[in-house]
Amino acid sequence: MSLAKLTTSALAIAAVSATAAAARDQVQVAGSSTVLPYASIVAEAFGENFDFPTPVVESGGSSAGLKRFCEGVGENTIDVANASRQIKDAEVAACAENGVTDIIEVRIGYDGIVFASDINGETFEFTPVDWYKALSAKVVVDGEVTENPYTTWDQVNPDFPVQPIQAFIPGTKHGTREVFEDKVILAGCEETGDYEAFLEAADGDKKAAEKECISLRTDGKSVDIDGDYTETLARIESNQDGIGVFGLAFYENNTDKLQVATMGGVEPTTESIASGDYPVSRPLFFYVKKAHIGVIPGLKEYAEFFVADEVAGPDGPLAEYGLVSDPELADTQSVVADETVMGSGS
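Predicted, not measured: the structure shown is a model, and the values here were computed from it. Position numbers for residues count from 1 along each chain, tracking the sequence in the order it is written. Side-chain atom pairs in this predicted model are given and counted only at pLDDT of 80 or more, local residue features only at pLDDT of at least 70, and totals for whole chains, interfaces and linings cover all residues. Remark: hydrogens and water are excluded; side-chain values derive from all non-hydrogen atoms of the structure.

Student: Just give me the short version of the state of the cysteines, but keep the residues and values in it.
Tutor: We call a pair of cysteine sulfur atoms a disulfide whenever their separation is within 2.5 Å. Tallied over the entire structure, the rule returns two disulfides. The side chain of C70 participates in a disulfide bridge whose partner is C95; the two sulfur atoms lie 1.9 Å from each other. Linking C70 and C95, the disulfide has an S-S dihedral of approximately -70 degrees and is accordingly described as left-handed. With C70 in the loop between α3 (62–69) and β3 (80–83) and C95 in helix α4 (residues 89–97), this pair connects stretches of sequence that are 25 residues apart. Exposure remark for C70: the relative accessible area of 4% places this residue in the buried category. Between buried and exposed lies partly exposed: a residue is buried under 20% and exposed over 50% of the maximum accessible area for its type, with that area taken using a 1.4 Å probe on protein chains only. For C95, a relative accessible area of 0% puts it in the buried group. A run of DSSP states H or I qualifies as a helix once it reaches four residues; a run of E qualifies as a strand once it reaches two. Both are numbered from the N-terminal end.

Here is the structure:
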């Protein structure tokens, strides 16, 4: 993808020089499958418009990318980890143990988690309660905690069709899974009041009660997808009853194959996510290893290019692909320019 339309200012974000001494001359990126398409667009444009090699961008999931990122410092470790969730304290600690102590957190914008099915299938108007009742391993029936008895969507919600429950959701290594568990499954558990029953059963242990809420059934009704969204789409194409959990951008690029459900009465769109009306949205990030800046040619330039107005702004190519531009993008640009690390207090 060529970004010849970019302004001169965007292409002059940093002085372009590929003379830095390093055994590796390509920026290496891994992580979130949600961030992958955005990072791929930026990497391709960066390679076309700068005198640096095109960065190598891999997927694998947020957790997997951050694990690689935290393996240490040096040319045999990646420079950037993409994530569809914020880095955890435990991951920061793991990084520190391996000498990765200066981390730059870069928020690129926002995305929504959508629930999409075959374009020729039934339509749905979901709430978090529907998904909790459909997928949680245990639910409360007649005041008693029991194994999930529901097999069709009409049993979950009488307004739904008599269609087998079959959901394809991101596996546990994906950041999307964690947001799905928190903003959909746990929210639905709390809204039904089942959380209180789980809390009582756990003798007041809140973490144990939450774990019970978000523990998903393993009887085949809920299927973890460890690959990227293309695998989820393939599952739906082979099973018209299937409903998949996707990022908004992927859905918007497959509207010829998929239809999207509302959540809480709101259709997921760039506008509804930007306004905060759509209830299942999240910020997207990438993390930069500061120790590699000045060592791996083009690393800082890549980061600055990624969050430039002409790239990540509301009129940029990432917005065209579905990224919701961050209203505080200027602050992020300053973080990258100043190489401000996490926990610096500045």
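Student: Which residues make up unusual backbone geometry, and what values go with them?
Tutor: With a phi close to 55 degrees, D203 is a non-glycine residue in the positive phi region. Relative to the assigned elements, D203 resides in the loop between α8 (194–201) and α9 (206–214). Here E339, not a glycine, exhibits a phi torsion of approximately 55 degrees, which is positive. Tracing the backbone shows E339 in the segment after α16 (329–338).

Student: Now, about α8: what can you tell me, with residues and values included?
Tutor: Every buried residue of α8 is listed here: D194, Y195, F198 and L199. An end-on view of α8 places all buried positions within 140 degrees of arc, on one side of the element. For α8, the exposed residues lying more than 90 degrees away from the buried face are E200 and A201. The criterion used for residue contact is that any of the two residues' heavy atoms lie within 4.5 Å. Tucked inside the fold, the buried residues of α8 contact α5 (128–135), β6 (138–141), β7 (144–147), α7 (175–192) and α9. It is the directions from the helix axis to the C-beta atoms that the arc portrays.

Student: Tell me about α7, and name the residues and values.
Tutor: In an α-helix, one turn spans 3.6 residues, which is why side chains three or four residues apart end up on the same side. Helix span is expected to be 1.5 Å times the residue number reduced by one. Under the 1.5 Å per step criterion, the end-to-end length of α7 is 25 Å for 18 residues, consistent within 8% with the ideal 26 Å. Bending is quantified residue by residue as the angle between axes fitted to the seven-residue window ending at that residue and the seven-residue window starting at it. Residue E181 marks the point of greatest curvature in α7, where the axis turns by about 35 degrees. All buried positions along α7 are accounted for by G175, T176, R177, V179, F180, E181, V184, I185, L186, G188 and C189. The first or second residue beyond α7 is G193, which carries a positive phi of 95 degrees.

Student: If you had to explain the pairing of strand β10 (residues 243–247) to someone new, which residues and values would you point to?
Tutor: Judged by how many residues are buried, β10 sits mostly within the fold: five of five residues are covered. With burial as the criterion, each face of β10 is covered, one bearing I243, V245 and G247 and the other bearing G244 and F246. The rule for pairing is simple: two strands pair if DSSP sees at least two bridges between them. Alignment of strand β4 (residues 103–118) against β10, held across five bridges, turns out to be antiparallel. Bridge pairing in β10 links S117 to I243. The pairing of strand β8 (residues 167–170) with β10 spans two bridges and is parallel. By the bridge assignment for β10, F168 is matched with G244.

Student: So what about the packing of helix α2 (residues 36–49) against helix α13 (residues 299–306)? Which residues, and what values?
Tutor: Fitted lines through C-alpha atoms serve as axes, helices being fitted only where they are in contact, and the angles separating the N-to-C directions of these axes extend from 0 to 180 degrees. At their nearest, the axes of α2 and α13 sit 10 Å apart, and the two run at 120 degrees to each other. In terms of orientation, α2 and α13 fall into the oblique class. Crossing of α2 over α13 shows right-handed handedness. When α2 is examined against α13, the residues Y38, A39, V42, A43, A45 and F46 are found in contact with a partner set consisting of E301, Y302, F305 and F306. Tallied by class, residues from the contact of α2 with α13 come to nine nonpolar, no polar and one charged. For classification purposes, an angle smaller than 35 degrees is called roughly parallel, one larger than 145 roughly antiparallel, one from 65 to 115 roughly perpendicular, and anything else oblique. By convention, the crossing between two helices is left-handed when the near helix turns anticlockwise from the far helix through less than a right angle, and right-handed when the turn is clockwise. Residue polarity is assigned by list, with Asp, Glu, Lys and Arg as charged and Ala, Val, Leu, Ile, Met, Phe, Trp, Tyr, Cys and Pro as nonpolar; anything else, Gly included, falls into the polar class.

Interpretation note: all reported values are geometric properties and have no functional meaning in isolation.
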